[in-house]
Amino acid sequence: MLLPGNDAAAIERAAEALAAGELVAFPTETVYGLGARADDDRAVAGIFALKGRPADHPLIVHVQDAACANCFAATLGDVATRLVDAFWPGPLTIIVPRVPGVAAAAAGGQPTIGLRCPSHPVARALLAAARQRGVPGVAAPSANRFGRISPTLAQHVVDEFGEALLVLDGGECEVGIESSIVDCSGAVPALLRPGQIPRERIEAAAGVPLADPTASSPRASGTLEAHYAPRAKLRLMPAAMLNTALQMLGDSPLRLAVYSRTVTLPHGSRLQRRAMPDDPDRAAHELFATLRELDAQGLDLIWVEEPPGGSPWDGVRDRLARAAAA
Ligand code: TXA
Ligand code: MG
């Protein structure tokens with residue numbers, strides 16, 4: 001059921017549902033989340049069941065502020081503290097050692113916990129109202145079935161899970177791709193998942209360079225090879241290759257769409273094309289909604305022009321690479 005996120009009574013109702021151990025989907029600045037109170041393993045089990053997500057894949061716990069983070073974190077440490085100061089509330093998740101015995105299901109059994117303080121006003125209002133009812137944090141993965149494209153509109157969540165689920169409608173998610181995840185639980189901080197914030201900005205705030213994930217890094221489902229998969233086969237190509245492929249295609253019976261920044265369709269082509277913005281933040285904002293919209297048409301193929309190099313594009317490149325790997 002869709003409820004208006006800007007309505008105080010709707011927030012109260014959603015907070016009550018969370019406090020009672022029910023699931024609520026809500027908007028964040030990155031993507032919509034599927035939430036349950038993080039301190040209730042039975043409620044959290046409902047998330048895994050609804051998503052079809054393996055129970056050993058940890059979830060991110062959303063907190064209202066750094067004080068609430070201490071309900072779950074055994075210790076933050078210097079790097080995580082600096083990241084929290086620099087980026088909260090905002091699209092950055094820290095992985096830190098967990099208080100033993102707390103939020104074990106949300107953590108997927110790992111000795112660490114992912115924590116994030118979202119900036120979206122509806123998420124903040126919900127977390128505040130839930131906290132009033134004794135909820136210290138809300139575990140919430142992206143509100144999509146396991147392995148599918150993350151939702152950036154309330155309607156996407158309804159499309160995934162149907163009308164029975166309580167969904168707070170907060171409009172379009174501004175960022176459009178999931179938060180940056182920095183693992184601060186080991187000797188060297190590592191960027192597990194790139195998001196909107198360019199790596200250099202995170203490193204400047206952290207005061208140390210970030211490592212890349214290693215084989216021993218904590219498991220992150222958003223970092224599985226094949227993730228964010230549309231049903232159509234997605235192929236990523238450099239501009240020149242895409243151009244050549246389109247020239248050679250001619251009149252093909254394939255149901256194919258092109259999603260490109262610089263490459264345009266050959267003269268007279270009847271294919272459809274979506275233009276990818278030149279600005280990486282705009283591109284991220286539109287990315288999942290565009291893939292969903294194209295996918296809803298039952299295409300065979302989506303040919304995507306590789307985004308430019310450079311860290312501001314890391315998040316978009318990462319999501320497209322995973323969609324293409326599926
Ligand atoms: O932007 C976001 O982060 C969104 C919104 C809803 O906040 N949430 C999101 O959640 O993307 P999800 O579950 O789809 O992705 C969470 C990622 C997964 O890759 C998960 O494995 C990783 O965070 N993660 C969470 N806790 C972790 C932990 N303790 N150790 C390692 N990875 C963890
Ligand atoms: Mg996800």
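Residues numbered from 1 in each chain as written. Chains lettered and ligands numbered in written order. Predicted model: local features only at pLDDT ≥ 70, side-chain atom pairs only at ≥ 80, totals over all residues. Heavy atoms only, no water.

## Some details on the sheet that holds strand β14 (residues 301-305)
In step 1: Taken in spatial order, the four strands make up an open sheet running β11-β14-β12-β13, and their pairing is parallel. Lying at the two open borders of the sheet, with one neighbouring strand each, are β11 (233-237) and β13 (272-275). On average, each strand axis in the sheet is tilted by 20 degrees relative to the strand beside it, whichever way the strands run.
In step 2: Pairing of β11 with β14, which is carried by five bridges, proceeds in the parallel orientation. Among the inter-strand pairings, Leu236 is bridged to a residue of β14, identified as Val304.
In step 3: Across the sheet, helix α9 (residues 280-295) lies against β11, β12 (256-260), β13 and β14, angled at about 180 degrees from β12, the strand it touches most. (Pairing = 2+ DSSP bridges. Helix = DSSP H or I, 4+ residues; strand = E, 2+ residues; numbered from the N terminus. Axes fitted to C-alpha atoms, helices over the stretch in contact; angles between N-to-C directions. Contact = heavy atoms within 4.5 Å.)

## Details of the pairing of strand β5 (residues 92-97)
In step 1: Most of β5 is tucked away: five of the six residues are buried.
In step 2: Bridge analysis of β5 against strand β9 (residues 180-183) gives four bridges, and the strand direction is parallel. Considered in β9, the bridge of Thr93 is made with Ile181.
In step 3: Both β5 and strand β6 (residues 112-116) contribute to a ladder of five bridges, which runs antiparallel. (Buried < 20%, exposed > 50% of the residue type's maximum accessible area, 1.4 Å probe, protein only.)

## What to know about the sheet that holds strand β7 (residues 138-139)
In step 1: A sheet is described by the order of its strands in space; here ten strands give the open sequence β1-β8-β2-β3-β7-β4-β6-β5-β9-β10, paired in mixed fashion. Edge positions in the open sheet fall to β1 (2-4) and β10 (190-193), since each of these has one partner strand only.
In step 2: In the packing of helix α6 (residues 154-161) onto the sheet, the strands contacted are β1, β2 (24-26), β3 (33-37) and β8 (166-169), and the crossing angle to β8 comes to about 165 degrees.

## Quick word on the environment of Glu305
In step 1: As for its placement among the helices and strands, Glu305 is situated in strand β14.
In step 2: For the pair formed by Glu305 and Thr244, sequence separation is 61 residues and the distance between their alpha carbons is 12 Å.
In step 3: Among the polar contacts made by the side chain of Glu305, one reaches the side chain of Thr262 at a distance of 2.7 Å. (Polar contact = N/O pair within 3.5 Å; in protein donor to acceptor, adjacent residues only side chain to side chain.)

## Section: the packing of α9 against helix α10 (residues 314-325)
In step 1: Across the interface, α9 lies against α10 with an axial gap of 9 Å and an inter-helix angle of 30 degrees. Handedness of the α9/α10 crossing: left-handed. Note on element contacts: α10 touches α9 through Val316, Arg319 and Leu320, opposite Pro280, Ala283, Ala284, Leu287 and Phe288.
In step 2: Taken together, the residues of the contact of α9 with α10 sort by class into seven nonpolar, no polar and one charged. (Left-handed = near helix turned anticlockwise from the far one by under 90°. Nonpolar A, V, L, I, M, F, W, Y, C, P; charged D, E, K, R; others polar.)

## What about the nonpolar core?
Soluble globular proteins tend to pack their nonpolar side chains together in the buried interior.
In step 1: Counting residues in hydrophobic clusters, the biggest one holds 50 residues, and the most contacted among them are Leu83, Ile94 and Leu115.
In step 2: Mapped onto this core, the elements with two or more residues apiece are β3, α2 (41-51), α3 (66-69), α4 (77-87), β5, β6, α6 and α7 (199-206).
In step 3: Ignoring sequence-local partners within four residues, the contact set of Leu83 consists of Trp88, Leu92, Ile94, Val182, Cys184, Ile202, Ala205 and Ala206.
In step 4: One finds Ile149, Leu299, Ile302 and Val304 within the second-largest nonpolar core, a separate group that totals 22 residues. (Core = buried A, V, L, I, M, F, W, Y, C linked by side-chain atoms within 4.5 Å.)

## What about the pairing of β9?
In step 1: Neither face of β9 is open: one carries Ser180 and Val182, the other Ile181 and Asp183, and all of them are buried.
In step 2: Of the pairings in the sheet, the one linking β9 to β10 comprises three bridges and is antiparallel in character. From the neighbouring strand, Asp183 faces β10, where its bridge partner is Ala190.
In step 3: Hairpin connection, β9 to β10: the antiparallel pair is bridged by six residues.

## Overview of α9
One turn of an α-helix holds 3.6 residues; hence residues three or four places apart share an orientation.
In step 1: Over its 16 residues, α9 extends 22 Å from the first C-alpha to the last, a length consistent with the 22 Å expected when each residue adds 1.5 Å.
In step 2: Along α9, the helix axis deviates most sharply at Leu287, where the bend reaches about 40 degrees.
In step 3: The complete set of buried residues in α9 reads Pro280, Ala283, Ala284, His285, Leu287, Phe288, Thr290, Leu291, Arg292, Leu294 and Asp295.
In step 4: If you follow the buried residues of α9, they end up packed against α6, β11, β12, β13, β14 and α10. (Expected span 1.5 Å × (residues − 1). Bend = angle between axes of the 7 residues up to and from the residue.)

## Here we look at the pattern of salt bridges
In step 1: Here the structure, examined in full by the defined rule, presents 17 salt bridges.
In step 2: We note a salt bridge from Asp39 to Arg37, for which the minimum N-O separation is 2.8 Å.
In step 3: Accessibility expressed as a relative area gives 13% for Arg37, which makes it buried.
In step 4: The salt bridge involving Arg292 is made with Glu160; its shortest N-O contact spans 2.9 Å. Linking Arg292 in helix α9 with Glu160 in helix α6, this pair joins segments that are 132 residues apart in sequence. Each member of the pair, Arg292 as well as Glu160, is classed as buried.
In step 5: Residues participating in the shared-partner salt-bridge network are Glu178, Asp318, Arg319 and Arg322. (Salt bridge = Lys/Arg side-chain N within 4 Å of Asp/Glu carboxyl O.)

## Comments concerning helix α1 (residues 8-19)
In step 1: Taking 1.5 Å of rise per residue, twelve residues should cover 16 Å, and α1 covers 16 Å from first to last C-alpha, within 8% of that figure.
In step 2: Inspection of α1 places Ala10, Ile11, Ala14, Ala15, Ala17 and Leu18 among the buried residues, and these make up the whole buried set. All buried residues of α1 lie within an arc of 160 degrees about the axis, which places them on one face of the element. Set apart from the buried face of α1 by more than 90 degrees, the exposed residues are Ala8 and Ala9.
In step 3: Packed against the buried residues of α1 are β1, β2, β3, α5 (121-132), β7 and β8.
In step 4: In the segment just after α1, Gly21 is the residue with positive phi, at about 90 degrees. (Arc of directions from axis to C-beta.)

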